[in-house]
Amino acid sequence: MFAISLVVLFFVISGICLFLLILRLFLYRTALIHVVNKWVHWIEDGMHVHQIFKVPEFNHDNFQENQFYGQVFTYLNSLASIENSDFTNLFSGKKSNDIILYLDHNQTIHDTFLGARVSWKNEVNDQKLGEDQSCCRRTLLLKIKKKDKRRILRPYLQHIHNAVSEDLQQRKREVKLYMNTQYDHRINGRWNSIPFTHPSTFDTMAMDSDLKYRIKSDLESFLKSKQYYHRLGRIWKRSYLLYGPSGTGKSSFVAAMAKLLNYDVYEIDLSRVADDSDLKMLLLQTSNKSVIVIEDLDRFMNDNKSVRGVSFSGVSTFMDGILSSCRGDEKIMIFTMNSKDKIDSSLLRPGRIDVHIYFPMCNFNSFKSLANSYLGIRDHKLFPRVEEIFQTGATMSPAEVGEIMIVNRSSPSRALKSVITALQTNAATGWRLSESASSRPSAEESGGESGGVFWKDKDSVPVAKEVRKLYGLLRLKSGKISGPSGHDSEMIER
Ligand SMILES: Nc1ncnc2c1ncn2[C@@H]1O[C@H](COP(=O)(O)OP(=O)(O)OP(=O)(O)O)[C@@H](O)[C@H]1O
Ligand SMILES: [Mg+2]
């Protein structure tokens, strides 16, 4: 009898074990386990009081981005649990085989910290602005059990901060290009960003190497001078004016500078700025360590004295950068122009523009540099002929030379012959005369009224001897900064 009971018991226990095993297999195979987990969490959540914390995208005054929002967003997207969150977005990353996961609007993601379970919601509220316009107000909501709050809240926020800082350091900051959106007083953020992938670098620029070295050193010494500027009571800002004819590499050089610094680029399109206060707002919404760029400033200033409400004084106040100094961080401003001829000299005075860099048309040296990078040749039997034509004063922009070389890259001889023909045609049509009249820096421009430091490619302009003498005198008065090769004739400090 006892033996029979034992056998029955054995079968019952085995049956239960088998049942549990099959149930487990069933739950996992069919993913019903997630449904069960959801119910368990739902019941558990219902038995607790929660507290919700908001992390809005913009600070309460709506002027500046809330840095912590960006940190939390990066942190959440790096969590393994994002893969379990519904509607996660998949984007391709920097490398072709990279896939990046991003939390979708109004989705929830869970995280655990020191044994406590918290959840985050990526809340996005669409606001109707007009007939066919709307904007989003983004907030991240942290839901945490009241009983866990005292124990984990502060360490958890610190943990996010540390995790993101390390992550950012590892990724060495992905540089972004920000562009201002059309003005609308109901929208908080005025900048849209995309990854900044411009291929230009200091190495790819066909420029005098001495000049490149000076610009690099200038940037580096500026970045190290926080205390110095502070002691002088000056705003820690450096402004560069890149000017010269079209296609000489000004925009490419902006990209090269931003890459060298690893700074984000904020490019301001003045036609989208409503008025002076909007321009101020844009400046206030830029982040630390950024390059602020206004391209073709001469065009805007000359087209109409007031660009859609932006006044002359609005532009000069912007250039003074007083607002940008609110957070005491360094700012680099870059302005590009084709010519300084018609620009009010007060806009170019030292302090508003610290360094003037002239971008010349192609000369034989920059031609050789382009031939090296575009065609892979350092010398060629046609080089003397090309040099001869340059010496007659014929010229073209580096952009034009580059285009000819790209089209004929399979045959360097054909490329050089095409460049020679194009140079001859330009010379015959008298193009160089108009170029020299409109955009080369005159003595007055460079050393006279505009001020600041003036740099140009040492081969670019046949500067008159008298001007050089004058420069020499000015240098003696103010001290000099010389490059590695000892050429200091291109730089004037007033
Ligand atoms: N000095 C240079 N070295 C190498 N490439 C150059 C140089 N100048 C121009 N290029 C090439 O020519 C093209 C046009 O250059 P970029 O747009 O920088 O000229 P830009 O001076 O800004 O012209 P614009 O005044 O019309 O805006 C780019 O593809 C760039 O790579
Ligand atoms: Mg340009």
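- Going by what an unreviewed UniProt entry lists, the chain is known as AAA+ ATPase domain-containing protein and is assigned to Ilex paraguariensis.
- For the chain, the Cofactor (unreviewed entry) comment in UniProt is given as "Mg(2+)".
- Listed under Catalytic activity (unreviewed entry) in UniProt, the entry text for the chain is "ATP + H2O = ADP + phosphate + H(+)".

### What to know about the overall build of the chain
- When helices and strands are counted, the chain shows 17 helices and 14 strands.
- Considering the chain as a whole, with its 494 residues, one finds that 42% of them fall into the buried category.
- Summing over all exposed atoms, the chain offers an accessible surface of approximately 27300 Å²; the carbon and sulfur share of this is 55%.

### Some thoughts on the site of ligand 1
- Of all residues adjacent to ligand 1, which total 16 residues, the nearest are Ala-206, Ser-246, Lys-250, Ser-251 and Ser-252.
- Within the backbone of Gly-249, one N or O atom sits 3.1 Å away from an oxygen atom of ligand 1.
- With respect to ligand 1, the side chain of Ser-251 contributes an N or O atom lying 2.8 Å from an oxygen atom.
- Expressed as a share of its isolated accessible area of 630 Å², the protein-covered part of ligand 1 is 74%.
- Elements with a contribution of two residues or more to the shell around ligand 1: α7 (250-261), α11 (364-375) and α13 (398-407).
- For the shell around ligand 1, the class distribution of residues is seven nonpolar, eight polar and one charged.

### Observations regarding α13
- For α13, every residue scored as buried is listed here: Pro-398, Val-401, Gly-402, Ile-404 and Met-405. One side of α13 carries all its buried residues, which in axial view fall inside an arc of 160 degrees.
- The elements touched by buried residues of α13 are α11 and α14 (412-428).

### Quick word on the packing of α11 against helix α12 (residues 383-391)
- The contact between α11 and α12 brings their axes to 10 Å, and the two run at 145 degrees. In terms of crossing hand, the pair formed by α11 and α12 is right-handed. In contact with Phe-364, Phe-367, Lys-368 and Ala-371 of α11, α12 contributes Phe-383, Val-386, Glu-387 and Phe-390.
- Its residues placed into classes, the contact of α11 with α12 shows six nonpolar, no polar and two charged.

### Overview of the layout of surface pockets
- Estimated volume of the second largest pocket: approximately 860 Å³.
- If you go around the second largest pocket, you meet 25 residues; those closest to its centre are Lys-38, His-41, Thr-108, His-110 and Arg-117.
- Where the lining of the second largest pocket is concerned, the elements lending two or more residues are α2 (32-46), β1 (50-56), β4 (108-113), β5 (116-128) and β6 (134-145).
- Broken down by element, the lining of the second largest pocket gets its largest block of residues, seven residues, from α2.

### Observations concerning the packing of aromatic side chains
- Per the stated rule, a full pass over the model turns up 19 aromatic pairs.
- Ring centres of Phe-10 and Phe-11 lie 5.7 Å apart, and the angle between their planes is 70 degrees; on these two criteria the pair is classed as edge-to-face. The two residues Phe-10 and Phe-11 agree in class, both being exposed.
- Centroid distance Tyr-178 to Tyr-266: 4.3 Å. Interplanar angle 5 degrees. Geometry classified as stacked. Taken together, the residues Tyr-178 in strand β7 (residues 176-180) and Tyr-266 in strand β10 (residues 264-267) connect sequence positions 88 residues apart.

### Describing α12
- Among all positions of α12, only Phe-383, Val-386, Ile-389 and Phe-390 are buried. Taken end-on, α12 shows its buried residues confined to a sector of 125 degrees, consistent with a single buried face. Those residues of α12 that are exposed and angled more than 90 degrees off the buried face are Pro-384 and Gln-391.
- Each element contacted by the buried residues of α12 is listed here: α11 and α14.
- At the exit of α12 stands Gly-393, carrying a positive phi of roughly 100 degrees.

### A closer look at the pattern of salt bridges
- The final tally for this structure, using the stated rule, is nine salt bridges.
- Close ionic contact of Asp-296 with Arg-299 constitutes a salt bridge, the shortest N to O distance being 3.6 Å.
- Overall, the relative accessible area of 24% leaves Asp-296 in the partly exposed class.
- We note a salt bridge from Asp-320 to Arg-349, for which the minimum N-O separation is 3.8 Å. Placement of Asp-320 in helix α10 (residues 312-320) and of Arg-349 in the loop between β12 (331-337) and β13 (355-358) is noted, with a sequence separation of 29 residues between them.
- The network of salt bridges with shared partners includes Lys-147, Asp-148 and Arg-151.

### A short note on the environment of Lys-250
- With respect to the helices and strands, the residue Lys-250 is situated in helix α7.
- On the basis of relative accessibility, which here comes to 7%, the residue Lys-250 falls in the buried class.
- Separated by 47 residues in sequence, Lys-250 and Leu-297 place their C-alpha atoms 13 Å apart.
- Residues in contact with Lys-250, not counting those within four places in the same chain, are Leu-242, Tyr-243, Gly-244, Pro-245, Thr-336, Met-337, Asn-338 and Phe-359.

### As for the packing of helix α5 (residues 209-223) against α7
- At a closest axis distance of 11 Å, the pairing of α5 and α7 adopts a crossing angle of 45 degrees. Compared by their axis directions, α5 and α7 come out oblique. In the crossing of α5 with α7, the sense of the turn from one axis to the other is right-handed. Contact residues: Ile-215, Lys-216, Leu-219 and Leu-223 in α5; Phe-253, Met-257, Leu-260 and Leu-261 in α7.
- Split into classes, the residues belonging to the contact of α5 with α7 amount to seven nonpolar, no polar and one charged.

### Structural notes on the side chain of Thr-395
- With respect to the secondary-structure elements, Thr-395 resides in the loop between α12 and α13.
- On the basis of relative accessible area, Thr-395 is assigned to the buried category, the value being 5%.

### Topic: unusual backbone geometry
- Its identity is not glycine, yet Leu-114 carries a phi of approximately 45 degrees, on the positive side.
- In this structure, Leu-114 sits in the loop between β4 and β5.

### Looking at the environment of Ile-292
- The residue Ile-292 is located in strand β11 (residues 290-294) in this model.
- Considering only alpha carbons, one finds Ile-292 and Tyr-178, 114 residues apart in sequence, at a separation of 9.4 Å.
- Contact partners of Ile-292, with chain neighbours within four places excluded, come to Tyr-266, Ile-268, Leu-283, Thr-286, Phe-318, Lys-331, Ile-332, Met-333 and Ile-334.

The rules we used
- Residues numbered from 1 in each chain as written.
- Chains lettered and ligands numbered in written order.
- Predicted model: local features only at pLDDT ≥ 70, side-chain atom pairs only at ≥ 80, totals over all residues.
- Heavy atoms only, no water.
- UniProt positions renumbered as here; feature names shortened; annotations may be inferred.
- Helix = DSSP H or I, 4+ residues; strand = E, 2+ residues; numbered from the N terminus.
- Buried < 20%, exposed > 50% of the residue type's maximum accessible area, 1.4 Å probe, protein only.
- Areas by Shrake-Rupley, 256 points an atom, 1.4 Å probe, with all protein chains shown as cover.
- Near = heavy atom within 4 Å.
- Polar contact = N/O pair within 3.5 Å; in protein donor to acceptor, adjacent residues only side chain to side chain.
- Nonpolar A, V, L, I, M, F, W, Y, C, P; charged D, E, K, R; others polar.
- Arc of directions from axis to C-beta.
- Contact = heavy atoms within 4.5 Å.
- Axes fitted to C-alpha atoms, helices over the stretch in contact; angles between N-to-C directions.
- Left-handed = near helix turned anticlockwise from the far one by under 90°.
- 1 Å grid on protein atoms, 1.4 Å probe; cavity = no way out; pocket = protein on both sides within 12 Å on 5 of 7 lines; lining within 4 Å.
- Points joined across faces, edges and corners; volume = space filled by probe spheres on them.
- Phe/Tyr/Trp six-rings, centres within 6.5 Å; stacked < 30°, edge-to-face > 60°.
- Salt bridge = Lys/Arg side-chain N within 4 Å of Asp/Glu carboxyl O.
- Parallel < 35°, antiparallel > 145°, perpendicular 65-115°, else oblique.

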